[in-house]
Amino acid sequence: MLLTTAVVAQDNVTFESKSAKITVSPQGGRIVSFTDKATGTQLATAQGLCTDRELKTRLAEMGKSVYTLKPVDHGVEASYVVKDEKLQGIEYTKTYQASDESPALVINLRIRNTGKKERTISPWVFNQAMAGGSADNNDSFFIPATGGLGQIPLAKADKTIADNFTENPRAGWIAVMDSKKRQGVIALCEKDKLQRFC
(Lines give C-alpha, C1' and ligand atoms only; values in the text may rest on other atoms or scores of the structure.)
Protein backbone atom coordinates (compact mmCIF):
# COMPACT_ATOMS: atom_id res chain seq x y z
CA MET A 1 0.00 0.00 0.00
CA LEU A 2 1.32 3.39 -0.98
CA LEU A 3 -0.01 6.71 0.29
CA THR A 4 1.11 9.27 -2.28
CA THR A 5 -0.28 12.59 -1.08
CA ALA A 6 0.22 14.50 2.17
CA VAL A 7 -2.89 15.04 4.24
CA VAL A 8 -4.06 18.59 3.61
CA ALA A 9 -7.80 19.33 3.68
CA GLN A 10 -7.67 21.26 0.39
CA ASP A 11 -5.83 18.51 -1.55
CA ASN A 12 -6.89 15.15 -2.93
CA VAL A 13 -5.37 12.05 -1.32
CA THR A 14 -4.30 9.10 -3.48
CA PHE A 15 -3.56 5.58 -2.26
CA GLU A 16 -3.17 2.28 -4.04
CA SER A 17 -2.94 -1.48 -3.74
CA LYS A 18 -1.88 -4.13 -6.25
CA SER A 19 -5.39 -4.03 -7.76
CA ALA A 20 -6.44 -0.39 -7.75
CA LYS A 21 -5.41 3.25 -7.51
CA ILE A 22 -7.94 5.42 -5.65
CA THR A 23 -8.15 9.19 -5.19
CA VAL A 24 -10.37 10.76 -2.51
CA SER A 25 -11.35 14.45 -2.65
CA PRO A 26 -11.94 16.58 0.44
CA GLN A 27 -14.95 18.03 -1.43
CA GLY A 28 -17.72 15.72 -0.25
CA GLY A 29 -15.16 13.15 0.96
CA ARG A 30 -15.91 11.23 -2.23
CA ILE A 31 -13.83 9.04 -4.55
CA VAL A 32 -12.99 11.08 -7.67
CA SER A 33 -10.81 8.44 -9.32
CA PHE A 34 -10.86 4.65 -9.06
CA THR A 35 -8.59 2.92 -11.57
CA ASP A 36 -8.61 -0.86 -11.99
CA LYS A 37 -4.92 -1.62 -12.56
CA ALA A 38 -5.59 -4.92 -14.38
CA THR A 39 -7.54 -3.21 -17.19
CA GLY A 40 -6.62 0.47 -16.79
CA THR A 41 -10.35 1.17 -16.53
CA GLN A 42 -11.62 4.28 -14.72
CA LEU A 43 -14.62 3.26 -12.60
CA ALA A 44 -15.57 6.64 -11.08
CA THR A 45 -17.93 9.01 -12.89
CA ALA A 46 -17.44 12.80 -12.88
CA GLN A 47 -19.82 12.94 -9.87
CA GLY A 48 -17.56 10.58 -7.97
CA LEU A 49 -18.34 7.57 -5.80
CA CYS A 50 -19.52 7.47 -2.17
CA THR A 51 -21.10 10.92 -2.10
CA ASP A 52 -23.03 11.46 1.14
CA ARG A 53 -26.67 12.46 0.83
CA GLU A 54 -29.63 12.64 3.19
CA LEU A 55 -32.95 11.53 1.74
CA LYS A 56 -35.34 13.69 3.80
CA THR A 57 -33.57 17.06 3.71
CA ARG A 58 -31.63 16.67 0.41
CA LEU A 59 -29.01 19.09 1.76
CA ALA A 60 -26.85 20.34 -1.11
CA GLU A 61 -24.18 21.18 1.48
CA MET A 62 -23.29 17.54 2.01
CA GLY A 63 -21.85 16.90 -1.45
CA LYS A 64 -19.90 20.17 -1.51
CA SER A 65 -18.55 20.53 2.02
CA VAL A 66 -14.86 20.12 2.78
CA TYR A 67 -14.12 16.91 4.64
CA THR A 68 -11.01 16.42 6.76
CA LEU A 69 -8.80 13.71 5.24
CA LYS A 70 -6.27 11.72 7.24
CA PRO A 71 -4.26 8.56 6.56
CA VAL A 72 -5.23 5.25 8.12
CA ASP A 73 -3.87 1.74 7.59
CA HIS A 74 -4.07 0.98 3.86
CA GLY A 75 -6.14 4.06 3.06
CA VAL A 76 -7.83 7.30 4.04
CA GLU A 77 -10.45 8.53 6.51
CA ALA A 78 -12.77 11.38 5.49
CA SER A 79 -14.87 13.15 8.16
CA TYR A 80 -17.24 16.10 8.31
CA VAL A 81 -19.79 17.58 10.75
CA VAL A 82 -22.98 19.06 9.20
CA LYS A 83 -23.40 22.78 9.91
CA ASP A 84 -26.87 23.37 8.38
CA GLU A 85 -29.45 23.61 11.19
CA LYS A 86 -31.60 20.86 9.62
CA LEU A 87 -28.95 18.27 10.52
CA GLN A 88 -26.56 20.30 12.65
CA GLY A 89 -24.11 18.18 14.61
CA ILE A 90 -24.43 14.99 12.52
CA GLU A 91 -20.92 13.68 11.87
CA TYR A 92 -20.13 11.54 8.83
CA THR A 93 -16.91 9.50 8.85
CA LYS A 94 -15.97 7.30 5.89
CA THR A 95 -12.94 5.03 5.93
CA TYR A 96 -11.59 3.78 2.60
CA GLN A 97 -9.14 0.86 2.76
CA ALA A 98 -7.54 -1.31 0.05
CA SER A 99 -5.01 -4.03 0.77
CA ASP A 100 -2.77 -6.12 -1.47
CA GLU A 101 -4.46 -9.30 -0.16
CA SER A 102 -7.84 -8.45 -1.76
CA PRO A 103 -9.08 -6.76 -4.96
CA ALA A 104 -11.90 -5.14 -2.96
CA LEU A 105 -12.07 -1.58 -1.65
CA VAL A 106 -13.55 -1.70 1.85
CA ILE A 107 -15.63 1.33 2.86
CA ASN A 108 -16.91 1.84 6.39
CA LEU A 109 -19.42 4.62 7.08
CA ARG A 110 -20.06 5.79 10.64
CA ILE A 111 -22.72 8.39 11.42
CA ARG A 112 -23.08 9.87 14.88
CA ASN A 113 -24.88 12.78 16.48
CA THR A 114 -22.45 15.22 18.10
CA GLY A 115 -25.12 17.90 18.55
CA LYS A 116 -27.55 18.65 21.37
CA LYS A 117 -30.79 17.79 19.49
CA GLU A 118 -32.14 14.31 18.90
CA ARG A 119 -32.27 13.68 15.14
CA THR A 120 -33.89 11.16 12.83
CA ILE A 121 -32.05 10.90 9.54
CA SER A 122 -32.22 8.92 6.29
CA PRO A 123 -28.61 8.50 5.14
CA TRP A 124 -27.97 7.71 1.50
CA VAL A 125 -24.61 7.19 -0.21
CA PHE A 126 -24.73 8.02 -3.92
CA ASN A 127 -22.75 5.79 -6.30
CA GLN A 128 -22.72 5.31 -10.04
CA ALA A 129 -19.73 3.27 -11.14
CA MET A 130 -18.72 3.11 -14.80
CA ALA A 131 -18.58 -0.55 -15.80
CA GLY A 132 -16.13 -0.97 -18.67
CA GLY A 133 -14.89 2.62 -18.26
CA SER A 134 -18.01 4.45 -19.45
CA ALA A 135 -21.68 4.85 -18.54
CA ASP A 136 -23.58 3.96 -21.73
CA ASN A 137 -26.40 1.87 -23.20
CA ASN A 138 -24.35 -1.33 -22.81
CA ASP A 139 -24.71 -1.04 -19.03
CA SER A 140 -27.36 -2.67 -16.86
CA PHE A 141 -27.87 -2.69 -13.10
CA PHE A 142 -28.55 -5.96 -11.33
CA ILE A 143 -30.29 -5.86 -7.96
CA PRO A 144 -31.99 -8.20 -5.50
CA ALA A 145 -35.70 -8.00 -6.20
CA THR A 146 -38.81 -9.56 -4.68
CA GLY A 147 -39.12 -11.93 -7.66
CA GLY A 148 -35.43 -12.89 -7.79
CA LEU A 149 -32.72 -11.14 -9.79
CA GLY A 150 -33.71 -7.73 -11.16
CA GLN A 151 -32.05 -6.29 -14.28
CA ILE A 152 -32.49 -2.63 -15.18
CA PRO A 153 -30.93 -0.96 -18.25
CA LEU A 154 -28.96 2.18 -17.37
CA ALA A 155 -31.33 4.32 -19.47
CA LYS A 156 -34.23 3.38 -17.14
CA ALA A 157 -32.28 3.30 -13.88
CA ASP A 158 -33.25 6.78 -12.64
CA LYS A 159 -36.94 5.85 -12.71
CA THR A 160 -36.81 2.37 -11.23
CA ILE A 161 -33.63 1.41 -9.43
CA ALA A 162 -34.16 3.41 -6.25
CA ASP A 163 -37.68 2.07 -5.76
CA ASN A 164 -36.56 -1.53 -6.19
CA PHE A 165 -33.37 -1.32 -4.14
CA THR A 166 -34.67 0.68 -1.19
CA GLU A 167 -37.42 -1.87 -0.57
CA ASN A 168 -34.76 -4.05 1.02
CA PRO A 169 -31.26 -2.49 1.16
CA ARG A 170 -30.28 -5.20 3.64
CA ALA A 171 -30.47 -7.72 0.79
CA GLY A 172 -26.81 -6.90 0.55
CA TRP A 173 -25.64 -6.09 -2.97
CA ILE A 174 -26.03 -4.14 -6.20
CA ALA A 175 -24.03 -4.50 -9.43
CA VAL A 176 -23.53 -2.83 -12.80
CA MET A 177 -22.30 -4.73 -15.90
CA ASP A 178 -21.14 -3.61 -19.34
CA SER A 179 -22.52 -6.34 -21.62
CA LYS A 180 -20.24 -5.46 -24.55
CA LYS A 181 -16.92 -5.32 -22.66
CA ARG A 182 -18.05 -7.99 -20.16
CA GLN A 183 -16.73 -5.96 -17.25
CA GLY A 184 -18.62 -5.05 -14.11
CA VAL A 185 -18.59 -3.67 -10.60
CA ILE A 186 -20.37 -5.09 -7.57
CA ALA A 187 -21.02 -3.37 -4.25
CA LEU A 188 -21.57 -5.64 -1.25
CA CYS A 189 -23.14 -4.50 2.01
CA GLU A 190 -22.26 -6.31 5.22
CA LYS A 191 -25.87 -6.25 6.31
CA ASP A 192 -25.13 -7.75 9.72
CA LYS A 193 -23.21 -4.56 10.56
CA LEU A 194 -26.07 -2.18 9.76
CA GLN A 195 -27.42 -0.53 12.89
CA ARG A 196 -30.36 1.74 13.60
CA PHE A 197 -30.06 4.60 16.05
CA CYS A 198 -31.83 7.76 17.12
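The residue numbers shown here count from 1 along each chain, following its written sequence. pLDDT decides what is reported in this predicted model: residues at 70 or higher carry local features, side-chain atom pairs at 80 or more are listed and counted, and totals for whole chains, interfaces and linings draw on all residues regardless. Excluded from the side-chain calculation are hydrogens and water; included are all heavy atoms of the structure.

Caption draft 1: Expanded view of the overall build of the protein chain. Within the protein chain one finds 2 helices and 15 strands. In the protein chain, the proportion of contacts linking residues at least 24 apart, taken out of those at least 6 apart, comes to 45%. Summed over all atoms, the accessible surface of the protein chain reaches about 11700 Å², with 50% contributed by carbon and sulfur. Where helices and strands are cited, they refer to DSSP runs of H or I of at least four residues and of E of at least two residues respectively, numbered from the N terminus. Contacts are assigned to residue pairs that have any heavy atoms within 4.5 Å of one another. Accessible surface area values rest on a Shrake-Rupley calculation with a 1.4 Å probe, where residue burial reflects the displayed protein chains alone.

Caption draft 2: Quick look at the pattern of salt bridges. A pair is scored as a salt bridge if a Lys or Arg side-chain nitrogen falls within 4 Å of a carboxyl oxygen belonging to Asp or Glu. This model, assessed by the stated rule, comprises 5 salt bridges. With a closest N to O distance of 2.6 Å, Glu16 and Lys37 form a salt bridge. Taken together, the residues Glu16 in strand β2 (residues 13–16) and Lys37 in the loop between β4 (31–36) and β5 (41–42) connect sequence positions 21 residues apart. In this scheme, a residue with accessible area under 20% of its type's maximum is buried, one over 50% is exposed, and one in between is partly exposed, where area comes from a 1.4 Å probe on protein chains only. Residue Glu16 is classed as buried on the basis of its relative accessible area, which comes to 17%. We classify Lys37 as partly exposed; its relative accessible area is 37%. Among the ionic contacts, a cluster of salt bridges with common partners joins Glu91, Arg110 and Arg112.

Caption draft 3: Focus on unusual backbone geometry. Unusually for a residue other than glycine, His74 sits at a positive phi of about 60°. Following the sequence through the fold, His74 ends up in the loop between β7 (68–72) and β8 (75–81). Using a relative accessible area of 38% as the deciding quantity, one classes His74 as partly exposed. Located in the positive-phi region is Arg182, a residue other than glycine, with phi close to 55°. On the secondary structure map, Arg182 appears in the loop between β14 (173–178) and β15 (183–188). With relative accessibility at 70%, the residue Arg182 sits in the exposed group.

Caption draft 4: Representation of the nonpolar core within the structure. Side-chain atoms within 4.5 Å are what join buried Ala, Val, Leu, Ile, Met, Phe, Trp, Tyr and Cys residues into a set we call a nonpolar core. Ranked by internal contacts, the top residues of the largest apolar core, which has 32 residues, are Phe15, Ile22, Ile31, Phe34, Tyr92, Tyr96 and Leu105. At the level of elements, β2, β3 (20–24), β4, β8, β9 (90–98) and β10 (105–113) are the ones that each hand at least two residues to this core. Element by element, the count of residues in this core is highest for β9, at 4 residues.

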